Amino acid sequence: MCPQGWSFEPMQSGHPRVPQSTVIRPPERRVGWPLIATVMVASVLLQGSPPRSSAQYAEPTPSGHASLLPDLTRVNLRESLQHLRGLEDVAPEQMLHASMKSAVPTSLSFVDGVHWLRASVHNPTPQAQARILHMAWSAQLADVQLTLWHGDTQTGHWQTGEKTPVSRRPLHADGVAIPLVLQPGPSVLLLRIEPAGAVLMLDPQLSTPRRFFKDAQQRQAINWGSYGVLFIMGIYHMVVYLALRDRGYLHYMGFLLGSLLYQMNFDGSLQTALGLD
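Keep in mind the model is a prediction, meaning the values are calculated, not measured.

1. Details of the pattern of salt bridges
Pairs may arise between side chains of opposite charge once their charged atoms sit close together.
Link 1 in the chain: Across all of its chains, the model carries four salt bridges by this definition.
Link 2 in the chain: Its salt-bridge partner being glutamate 194, residue lysine 163 comes within 3.4 Å of it at the nearest N-O pair. Taken as a pair, lysine 163 in the loop between strand E11 (153-160) and strand E12 (176-182) and glutamate 194 in strand E13 (residues 185-195) lie far apart in primary sequence, 31 residues in all.
Link 3 in the chain: For aspartate 215, the salt bridge goes to arginine 211, with nearest N and O atoms at 3.2 Å. Pair noted here: aspartate 215 and arginine 211 are both in helix H3 (residues 209-244), with a separation of four residues, about one helical turn.
Link 4 in the chain: Since its relative accessible area comes to 10%, aspartate 215 is described here as buried.
Link 5 in the chain: Linked through salt bridges whose partners overlap, the residues forming this network are Arg74, Arg211 and Asp215.

Below, the structure is given as structure tokens:
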């Protein structure tokens, strides 16, 4: 009786075929798509932003400012965000006191057009504090411009996003990262955002430089670990293809290496590795 999935092939000889002279061949086994899909999903999840549970919400002051308490290394600004859509050719100073709607604390998403975000922060200490504004995007942002105001005085302006070459961005990191110096007292962060596609959620945060670079190093280690897994699996399938000449393994190899290049291009690692803008 033949086990399910097994096949019998008579031996090639000059004698009559008899049941005793058969070669049993096991079914051909390949690395299936479920394994490939599992690796891909895991690598994408590992490249996400840091766990949101590690970010603390700043307690808003009576005036609506997010307070930068000295013992907080990371502050989430969603509670103090205001949002306005549709005004493209408007100077930042005109949007400083413009009427805006409060953004939804749990989710801030948009599809197209120009969007303005305004957040008020308060430095309760007598010294200026260095912070890094960062947003890990779940989709590409074509252009991001940040203007920092202390009272009615503009103290800084930065531009980043996909339209800005990597070498000209304030910081090279996943998503948006802009270093700031916040003077004592209240300040206003004014963001002009132009998405390149559907943005599922933005999570603007202010972190101390030490906390930011520590988290960035951890994310980079995870990213390159996932890249290594994809690269090794691609090389493995290439070796198997050269040995068996089965085009299925060649297709697997192309899929893995193509996914690797796409993910490296998405987070900017490919441009950095090749020295491109």
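2. A look at the pairing of strand E10 (residues 141-150)
Link 1 in the chain: For E10, the buried fraction is high: eight of the 10 residues fall into the buried class.
Link 2 in the chain: Strand direction decides the pairing type here: E10 and E13, joined by eight bridges, are antiparallel. Bridging across to E13, valine 144 finds its partner in isoleucine 193.
Link 3 in the chain: Taken together, the seven bridges between E10 and E11 define a ladder with antiparallel strand orientation. Paired with leucine 146 across the strands is tryptophan 158, a residue of E11.

3. A few points about helix H4 (residues 247-266)
Link 1 in the chain: Along its 20 residues, H4 runs 29 Å from first to last C-alpha, staying within 8% of the 28 Å computed at 1.5 Å per residue.
Link 2 in the chain: Regarding H4, the residues found buried are Gly248, Tyr249, Tyr252, Met253, Leu256, Ser259, Leu260, Gln263 and Met264. Around the axis of H4, the buried residues are gathered within 145° of arc, so they sit on the same side. Those residues of H4 that are exposed and angled more than 90 degrees off the buried face are Arg247, His251 and Tyr262.
Link 3 in the chain: The opening residue of H4 is aspartate 246, an N-cap whose side-chain oxygen sits 2.9 Å from the backbone nitrogen of glycine 248.

4. Here's the deal with the pairing of strand E8 (residues 115-123)
Link 1 in the chain: Buried residues dominate E8, accounting for eight of its nine residues.
Link 2 in the chain: Direction of pairing for strand E6 (residues 81-85) relative to E8: antiparallel, over a ladder of five bridges. Bridge assignment links leucine 81 to a residue of E8, and that residue is alanine 119.
Link 3 in the chain: The pairing of E8 with E13 spans nine bridges and is classified as antiparallel. Of the residues in E13, the one forming a bridge with leucine 117 is leucine 191.

5. Here's the deal with the nonpolar core
Link 1 in the chain: Ranked by internal contacts, the top residues of the largest apolar core, which has 22 residues, are Leu77, Leu133, Leu189, Leu191, Ile193 and Leu206.
Link 2 in the chain: Those elements that place two or more of their residues in this core are E8, strand E9 (129-135), E10, E12 and E13.
Link 3 in the chain: If sequence neighbours within four positions are ignored, leucine 189 has contacts with Leu77, Leu117, Arg118, Ala119, Val121, Leu133, Leu146, Thr147, Leu148, Leu180, Leu182 and Leu206.
Link 4 in the chain: If you look at the next biggest cluster of nonpolar residues, it comprises nine residues, including Met95, Ala98, Trp116 and Trp149.

Cut-offs applied
Residues numbered from 1 in each chain as written. Predicted model: local features only at pLDDT ≥ 70, side-chain atom pairs only at ≥ 80, totals over all residues. Heavy atoms only, no water. Salt bridge = Lys/Arg side-chain N within 4 Å of Asp/Glu carboxyl O. Helix = DSSP H or I, 4+ residues; strand = E, 2+ residues; numbered from the N terminus. Buried < 20%, exposed > 50% of the residue type's maximum accessible area, 1.4 Å probe, protein only. Pairing = 2+ DSSP bridges. Expected span 1.5 Å × (residues − 1). Arc of directions from axis to C-beta. Polar contact = N/O pair within 3.5 Å; in protein donor to acceptor, adjacent residues only side chain to side chain. Core = buried A, V, L, I, M, F, W, Y, C linked by side-chain atoms within 4.5 Å. Contact = heavy atoms within 4.5 Å.

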